Amino acid sequence: TSLDPSHPLSAGRTADSRLVRSYQGERQETVPVWFMRQAGRSLPEYRELRVGTRMLDACLDPAMASEMTLQPVRRHGVDAGIFFSDIVVPLKLAGVAVEIQPGKGPVFEQPVRTAADVARLEEVDPASLGAETFAPIAEAVRLTTAELGDTPLIGFAGAPFTLAAYLVEGGPSKDHIRARTLMHADPETWARLMAWSADVTGAFLRAQLLAGASAAQLFDSWAGSLSLHDYVEHVAPASARALSHVRDLTYEVPRPPAADADAIGDLEPLVRNVPIVHFGVGTGELLKAMHEVGADTVGVDYRTPLDEAARRLGHVVPVQGNVDPAMLDAPWEVLSAHVVDVLERGREAPAHVLNLGHGVPPETDPTVLTRVVELVHGWRA
Ligand code: CP3
């Protein structure tokens, strides 16, 4: 499916950005940088805007979600905005009773633990979740990309396993033991839950890309609790299914002028896919499998050095990461040496987008993040 001609990628606003080209495997002179959770509590302007509004209400208010997406881009000069929303938003829009409790995370009224619970979920057919369901999301994306200009917006969604881990547990959990038990105790029910989650989260991601996002990131934050065998057997097929909702999206760019352009005559435009990043925490053993579900770029947490991650990916896959969030509060000499070390290790991959190894901690001094952006933008291999 070809994106609309007015989409920032098709219109040529973001197709040649450092971010998009890096995700497509083309190393840029300047390494692009953004931060997971760059929007949110580390910013005083965010805390001020959020007063009196619940998290999920903020996500479904297009003007507010858009403003919160733009705040860190204006302040830090990062190479991308990440859409302000949450992985549980599509579940809420599908009618699941969920709240996000401050300092805790998503909490569900009714955990999903049995075949009957899954059957109740399945009463919502994800195919029915079209433009109308995601209207506030699409509107927020449109407002945001109109302001972002040449800076790409990254859309995101939770991977089916991370969503299922929340649904089965009913809220945050340490090792997701109930979810992992269900996977083995009743693989058929598990597979149905995963397929349903894949379609709901895939539709959410597709809505963001159609409305104007220039790249997508699938977050499988809790996949690190799985063995490689369980990941490949019980999780990867659903993640591939989620990505199949967006893998068909393409756009056209003009062919670069060839030296003998006259001889070639009229040039066909190049067709490119919208780039997809796949990130998880504690997933050093899963990197290759996470690439294979249909991602272009793999996000690496802070536990695996980027050169080692690049090696595990055969030196042919762009990587994103992986500054340790704990370093953000260390003295500048320590932090800056760590950032440069990450940049140097990132040269082992065909392309690198600098990010954290997980989200910005809420207590982070935001001026430190701005300084990291300046350091990365000034660095040359
Ligand atoms: O800047 C950004 O990265 C964009 C927005 C974003 C949020 N959530 C906003 C948010 C993104 C990409 C997410 C994804 C998300 N949500 C993930 C995957 C990424 C990861 O961190 O591993 C997960 C697991 C969730 C579920 C979730 N939502 C958690 C664990 C929490 C934290 C609870 C807390 O208060 O500490 C949330 C709430 C949440 N999502 C906040 C924000 C800004 C905090 C809400 C607040 O300000 O009160």
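Residues numbered from 1 in each chain as written. Predicted model: local features only at pLDDT ≥ 70, side-chain atom pairs only at ≥ 80, totals over all residues.

Take the packing of helix α4 (residues 62–76) against helix α7 (residues 135–148) next. For the pair α4 and α7, interaxial distance at closest approach is 8 Å and the crossing angle is 40 degrees. Crossing hand, α4 versus α7: right-handed. Residue-level inspection shows P62, A63, A65, S66, T69, L70 and V73 of α4 in contact with α7, the latter providing P136, E139, A140, L143, T144, E147 and L148. (Axes fitted to C-alpha atoms, helices over the stretch in contact; angles between N-to-C directions. Helix = DSSP H or I, 4+ residues; strand = E, 2+ residues; numbered from the N terminus. Left-handed = near helix turned anticlockwise from the far one by under 90°. Contact = placed C-beta atoms within 7 Å.)

Taken in spatial order, the 7 strands of this open sheet run β1-β4-β5-β8-β9-β10-β11, and their pairing is parallel. Strands with a single pairing partner mark the edges of an open sheet, and in this sheet they are β1 (81–82) and β11 (352–356). Examined bridge by bridge, strand β10 (residues 319–323) and β11 share 5 bridges and lie parallel to one another. Paired with N322 across the strands is N355, a residue of β11. Running at roughly 150 degrees to strand β4 (residues 153–158), α7 makes contact with β1 and β4 of the sheet. Against the sheet, helix α11 (residues 228–244) contacts β4, β5 (215–220) and β8 (276–280), and its axis sits at roughly 155 degrees relative to β5. (Pairing = 2+ DSSP bridges.)

Close to the ligand lie 23 residues; A39, G40, G105, F219 and S221 are nearest. Of the residues assigned to the shell around the ligand, the class counts are 11 nonpolar, 7 polar and 5 charged. (Near = placed C-beta within 6 Å. Nonpolar A, V, L, I, M, F, W, Y, C, P; charged D, E, K, R; others polar.)

Let us now look at the UniProt feature "domain: Uroporphyrinogen decarboxylase (URO-D)" (unreviewed entry) in the chain. Under the feature "domain: Uroporphyrinogen decarboxylase (URO-D)" (unreviewed entry), the UniProt entry names residues 32–41 and 154–170. Counting secondary structure, residues 32–41 comes out at 0% helix and 0% strand; the distance between its end C-alpha atoms is 23 Å. Segment residues 154–170 splits into 59% helix and 29% strand. End C-alpha atoms: 28 Å apart. (UniProt positions renumbered as here; feature names shortened; annotations may be inferred.)

It is worth spelling out the nonpolar core at this point. Core analysis: the biggest nonpolar cluster contains 119 residues, and I154, A164, F204, A213, A215 and A216 have the highest contact counts within it. Among residues more than four places away in sequence, those in contact with A215 are L19, V20, Y23, P152, I154, V274, P275 and V277. (Core = buried A, V, L, I, M, F, W, Y, C linked by C-beta atoms within 7 Å. Buried ≥ 20, exposed ≤ 12 C-beta atoms within 10 Å, placed from the backbone.)

Before going further, it helps to examine α7. Here α7 is 14 residues long and its end C-alpha atoms lie 20 Å apart, about the 20 Å a rise of 1.5 Å per residue gives. Residues of α7 that are buried include every one of I137, A140, V141, T144, T145 and L148, and no others. In a view along the axis of α7, the buried residues occupy a sector of 125 degrees, so they form one face of it. Those residues of α7 that are buried are in contact with α4, β1, β4 and α10 (187–211). Where α7 ends, the next residue or the one after it, G149, has phi of about 65 degrees, a positive value. (Expected span 1.5 Å × (residues − 1). Arc of directions from axis to C-beta.)

Attention now moves to the UniProt feature "site: Transition state stabilizer" (unreviewed entry) in the chain. Residues annotated in UniProt with the feature "site: Transition state stabilizer" (unreviewed entry) correspond here to D86. What D86 contacts, discounting residues up to four positions off in sequence, is M55, C59 and I100.

It is worth spelling out α4 at this point. For α4, with 15 residues, the first-to-last C-alpha span of 22 Å sits near the 21 Å given by 1.5 Å per residue. Taken together, the buried positions of α4 are A65, S66, E67, M68, T69, Q71, P72, V73 and H76. Of the surrounding elements, those touching the buried residues of α4 are α2 (44–50), α3 (55–59), β1, α7 and α16 (366–378). Of the residues flanking the end of α4, it is G77, one or two places downstream, whose phi is positive at about 70 degrees.

A cis geometry characterises the amide bond from G321 onward to N322, with omega recorded as -25 degrees. The phi torsion at R37 lies on the positive side, around 60 degrees, for a residue other than glycine. Phi angles above zero are rare outside glycine, and H315 is one such case at about 60 degrees. Mapped onto the secondary structure, H315 falls in the loop between α14 (306–312) and β10. Residue classification places H315 among the exposed residues on the basis of 11 C-beta atoms within 10 Å.

Here we come to the confidence of the model for the chain. Mean pLDDT over the chain stands at 96; residues scoring 70 or higher make up 98%. Overall fold confidence (pTM) sits at 0.96, and the ipTM for the predicted complex is 0.92. (pLDDT = per-residue confidence, 0-100.)

Moving on, we get to the packing of helix α9 (residues 177–185) against α10. At a minimum axis distance of 5 Å, the contact between α9 and α10 shows a crossing angle of 120 degrees. In this view, α9 runs oblique relative to α10, as classed from their interaxial angle. Counting all contacts with α9, which are made through L182, M183 and H184, the residues of α10 involved are P187, T189 and W190. (Parallel < 35°, antiparallel > 145°, perpendicular 65-115°, else oblique.)

Let us now look at the environment of E109. Here E109 shows up in the loop between β3 (105–108) and α6 (115–121). Residues E109 and L49, spaced 60 residues apart in sequence, show a C-alpha to C-alpha distance of 27 Å.

Looking now at the environment of S336. If you trace the backbone, S336 turns up in helix α15 (residues 332–346). For S336, a count of 15 C-beta atoms within 10 Å gives the class partly exposed.

Now for the environment of A242. With respect to the helices and strands, A242 occurs in helix α11. Classification of A242 by C-beta neighbours within 10 Å gives buried; the count is 31. In sequence terms A242 and E132 are 110 residues apart; their C-alpha atoms lie 20 Å from each other. Excluding anything up to four places from it in sequence, A242 contacts A157, A159, P160, A198, T201, G202 and L218.

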